Amino acid sequence: MISTNRTVVGVLCLALFGCSQQSLQTSKEQGEAFRHCMGVLRVPNMKECIDAKTEQLVDQKESERARTTQRAAQQAAAKRIDRNTMALAIDPIVPGTIYAGTLEQGILKSNDGGQTWTEINGWIPSVVYQGEPKTPRVTLLAIDPATSSIVYAVSTRGLHKTTDGGASWKPLFEGKSSVTVTSIAIGSQSPETLYLGSIRGVSKSTDGGHSWIDAGLTEPTHALAVDPQNNNIVYAKVEGPKAGIYKATDGGGHWKQVYRGSEPVSLAVDRIDSNLVYAGTYSGFFKSTDGGDSWQPIGSDSLKAFTGPVKALIIHPKEKNIIYAMTGHSIHKSIDGGENWRALEHAMTGLFARDFNGFGVDPSSHSIYVGSRGGEFSELMTVMTYHTRGSAQHRL
């Protein structure tokens, strides 16, 4: 019996058939080639047979190794957590349920307050970028306030809707996917009423997004807020030559400019007293106590910690004087209707702390969730819980 030991095979090959010297440093493939050629009848040149078979086996092994590496990379990519969060939405009814829109991984969902995440991307039509499929960027998320299993998602592929918490999705706003949607607002009294802001103005749907009409405002719109007590009252932040805050009282049929200027960035209407309207600006806040007819700057003595625009505002759903504000790298809280603010401490560092993109408040747990474009996703969702004696925080 001929030994299958690699060195012995190499010596036999060299001694019997004049194989090359490198055969003495033989591989598993060389041994397999030797045994193959020994079993073939009428081989005219044993050396050529062994060398050719060895080369074939080596090529096969390299190809298989490359395929294995590619599969492992694809599996790792499928399991990775995107470091770039573009939007957040907190379920107002089911505690601990969070949706995150990401730059490269579509939508992620957590049912345990951000400790674990699952992709819910069966809806997303991939685009091809540099010859490879690429998941579209998800920039906006909105949850139906009455039926929280209904979620709307805005991506670079348009507007989509789920009615089962993300298990399945269907496209909306079809034929206008090329329109850049910058904001979305849902009516609390009639959740089937939706408003979309875009560079072309405001669009409206009264059937949950299945059909759309132009809502009368044709200026670039970058923020929307609907009166929680009257879905026909809508506020819009407009940019361009006619920059300012506009208000409609007839569901978008007619608009009136109630504030002139480019300072406003974000809008919020109080759920309890809808005459209270807040506007976040590049350097602070404006407040209206009469439904937008007049505006006053607030909090000027406590805004030294603010740097950059106020990107988002959230009014506590049960306590009208408690307001949260997000800038690019800080979260602030007021307990007196915006007159005074304090920055909330957090342990976020590095890139994560430089570009906050979304945040939300879970009223059931009094927790704040913050999403950023930097850092690992385990750091990306930082929960800060506030108590009556101050603030405490922990990183997930």
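Residues numbered from 1 in each chain as written. Predicted model: local features only at pLDDT ≥ 70, side-chain atom pairs only at ≥ 80, totals over all residues. Heavy atoms only, no water.

### Focus on the overall build of the chain
Here is step 1 of the chain: When its secondary structure is counted, the chain shows 4 helices and 30 strands.
Here is step 2 of the chain: Among the 396 residues that make up the chain, the fraction classed as buried is 49%.
Here is step 3 of the chain: Once local pairs closer than 6 in sequence are excluded, the contacts in the chain between residues at least 24 apart make up 41%.
Here is step 4 of the chain: Here the chain has roughly 19400 Å² of accessible surface; of this, 49% comes from carbon and sulfur atoms. (Helix = DSSP H or I, 4+ residues; strand = E, 2+ residues; numbered from the N terminus. Buried < 20%, exposed > 50% of the residue type's maximum accessible area, 1.4 Å probe, protein only. Contact = heavy atoms within 4.5 Å. Areas by Shrake-Rupley, 256 points an atom, 1.4 Å probe, with all protein chains shown as cover.)

### Topic: the environment of His-222
Here is step 1 of the chain: Looking at where His-222 falls in the secondary structure, it is placed in strand β15 (residues 221–226).
Here is step 2 of the chain: Accessibility expressed as a relative area gives 30% for His-222, which makes it partly exposed.
Here is step 3 of the chain: The spatial distance from the C-alpha of His-222 to the C-alpha of Ile-184 is 9.4 Å, given a sequence separation of 38 residues.
Here is step 4 of the chain: Leave out the neighbours within four places in its chain, and His-222 touches Thr-182, Ser-183, Lys-237 and Glu-239.

### Some thoughts on the sheet that holds strand β22 (residues 296–298)
Here is step 1 of the chain: In space, the 4 strands of this open sheet follow the order β19-β20-β21-β22, with antiparallel pairing throughout. Since the sheet does not close on itself, it has two edges, and those belong to β19 (264–269) and β22, each with one partner. For this sheet the average axis-to-axis angle between neighbouring strands, irrespective of direction, equals 30°. (Pairing = 2+ DSSP bridges. Axes fitted to C-alpha atoms, helices over the stretch in contact; angles between N-to-C directions.)

### A word on the pattern of salt bridges
Here is step 1 of the chain: Taken as a whole and assessed by the stated rule, the structure comprises 2 salt bridges.
Here is step 2 of the chain: Ionic pairing is found between Glu-219 and Lys-242, a salt bridge with its closest N-O pair at 3.9 Å. With Glu-219 in the loop between β14 (213–214) and β15 and Lys-242 in the loop between β16 (234–238) and β17 (244–248), the pair connects residues that are 23 residues apart, well separated along the chain.
Here is step 3 of the chain: Residue classification places Glu-219 among the buried residues on the basis of a relative accessible area of 19%.
Here is step 4 of the chain: With relative accessibility at 47%, the residue Lys-242 sits in the partly exposed group.
Here is step 5 of the chain: Across the pair Lys-237 and Glu-239 runs a salt bridge whose closest N-O atoms are separated by 2.7 Å. (Salt bridge = Lys/Arg side-chain N within 4 Å of Asp/Glu carboxyl O.)

### Things to note about the pairing of strand β25 (residues 331–334)
The two faces of the sheet receive side chains in turn, since in a regular strand these alternate between them.
Here is step 1 of the chain: By the alternation rule, side chains of β25 split into Ile-331 and Lys-333 and His-332 and Ser-334, which are all buried.
Here is step 2 of the chain: For strand β24 (residues 323–326) and β25, the ladder comprises 4 bridges, and the chain directions are antiparallel. Its bridge partner being in β25, Ile-323 is matched across the sheet by Ser-334.
Here is step 3 of the chain: Remark: 4 residues form the turn of the hairpin made by β24 and β25, two consecutive strands paired antiparallel.
Here is step 4 of the chain: Bridge analysis of β25 against strand β26 (residues 342–343) gives 2 bridges, and the strand direction is antiparallel. Paired with Lys-333 across the strands is Arg-342, a residue of β26.

### Quick notes on the nonpolar core
Here is step 1 of the chain: Counting 15 residues, the largest nonpolar core has Tyr-152, Leu-159, Phe-173, Val-181, Ile-184, Leu-196 and Trp-212 as its most contacted members.
Here is step 2 of the chain: With 3 residues, the single largest contributor to this core is strand β11 (residues 181–186).
Here is step 3 of the chain: The contacts of Tyr-152, once residues within four sequence positions are left out, are Leu-140, Leu-141, Ala-142, Leu-159, His-160, Lys-161, Leu-172, Ile-184, Ile-186, Pro-191, Leu-194 and Gly-208. (Core = buried A, V, L, I, M, F, W, Y, C linked by side-chain atoms within 4.5 Å.)

### Let's talk about the packing of aromatic side chains
Here is step 1 of the chain: Scanning the model with the defined rule gives 3 aromatic pairs in all.
Here is step 2 of the chain: Between the aromatic rings of Tyr-259 and Phe-286, the centroid separation amounts to 5.1 Å while the plane-to-plane angle is 50°, which identifies the pairing as tilted. Of the two residues, Tyr-259 is situated in strand β18 (residues 256–260) and Phe-286 in strand β21 (residues 285–288); the sequence distance between them amounts to 27 residues. Neither Tyr-259 nor Phe-286 differs from the other in exposure class; each is buried.
Here is step 3 of the chain: Taking the centre distance of 4.2 Å and the plane angle of 5° together, the rings of Phe-285 and Trp-341 count as stacked. (Phe/Tyr/Trp six-rings, centres within 6.5 Å; stacked < 30°, edge-to-face > 60°.)

### Digging into the environment of Ala-312
Here is step 1 of the chain: In this structure, Ala-312 sits in strand β23 (residues 312–315).
Here is step 2 of the chain: Apart from the residues lying within four places of it in its own chain, the contact partners of Ala-312 are Ser-266, Tyr-324, Ala-325, Met-326 and Phe-359.

### A closer look at the pairing of strand β8 (residues 151–155)
Here is step 1 of the chain: Across the 5 residues of β8, 5 count as buried, placing the element largely inside the fold.
Here is step 2 of the chain: By the alternation rule, side chains of β8 split into Val-151, Ala-153 and Ser-155 and Tyr-152 and Val-154, which are all buried.
Here is step 3 of the chain: Examined bridge by bridge, strand β7 (residues 138–143) and β8 share 5 bridges and lie antiparallel to one another. From the neighbouring strand, Ile-143 faces β8, where its bridge partner is Val-151.
Here is step 4 of the chain: Joining the antiparallel neighbours β8 and strand β9 (residues 158–162) is a turn of 2 residues.

### Digging into the side chain of Lys-204
Here is step 1 of the chain: Among the secondary structure elements, Lys-204 is positioned in strand β13 (residues 201–205).
Here is step 2 of the chain: Despite its burial, Lys-204 remains without a salt bridge, the nearest opposite charge being carried by Asp-250 at 7.5 Å.
Here is step 3 of the chain: Reaching out from Lys-204, the side chain makes a polar contact with the backbone oxygen of Gly-251 at a distance of 3.1 Å. (Lys, Arg positive; Asp, Glu negative; His and termini not counted. Polar contact = N/O pair within 3.5 Å; in protein donor to acceptor, adjacent residues only side chain to side chain.)

### Points about the confidence of the model for the chain
Here is step 1 of the chain: On average, residues of the chain score 78 in pLDDT, and 73% of them are at 70 or above.
Here is step 2 of the chain: In the predicted structure, residues 76–80 sits below a pLDDT of 50 and forms 6 contacts with residues beyond four places in sequence or in another chain.
Here is step 3 of the chain: Here residues 375–396 scores under 50 on pLDDT; set against residues more than four positions off or in separate chains, the count is 74 contacts. (pLDDT = per-residue confidence, 0-100.)

### Quick word on the sheet that holds strand β4 (residues 118–119)
Here is step 1 of the chain: The antiparallel open sheet is built from 4 strands, whose spatial order is β1-β2-β3-β4. Each edge of the open sheet is held by one strand with a lone partner, namely β1 (85–90) and β4.
Here is step 2 of the chain: With 4 bridges joining them, strand β2 (residues 98–102) and strand β3 (residues 107–110) adopt antiparallel strand pairing. Residue pairing for β3: Ala-100 is matched across the bridge by Leu-108.

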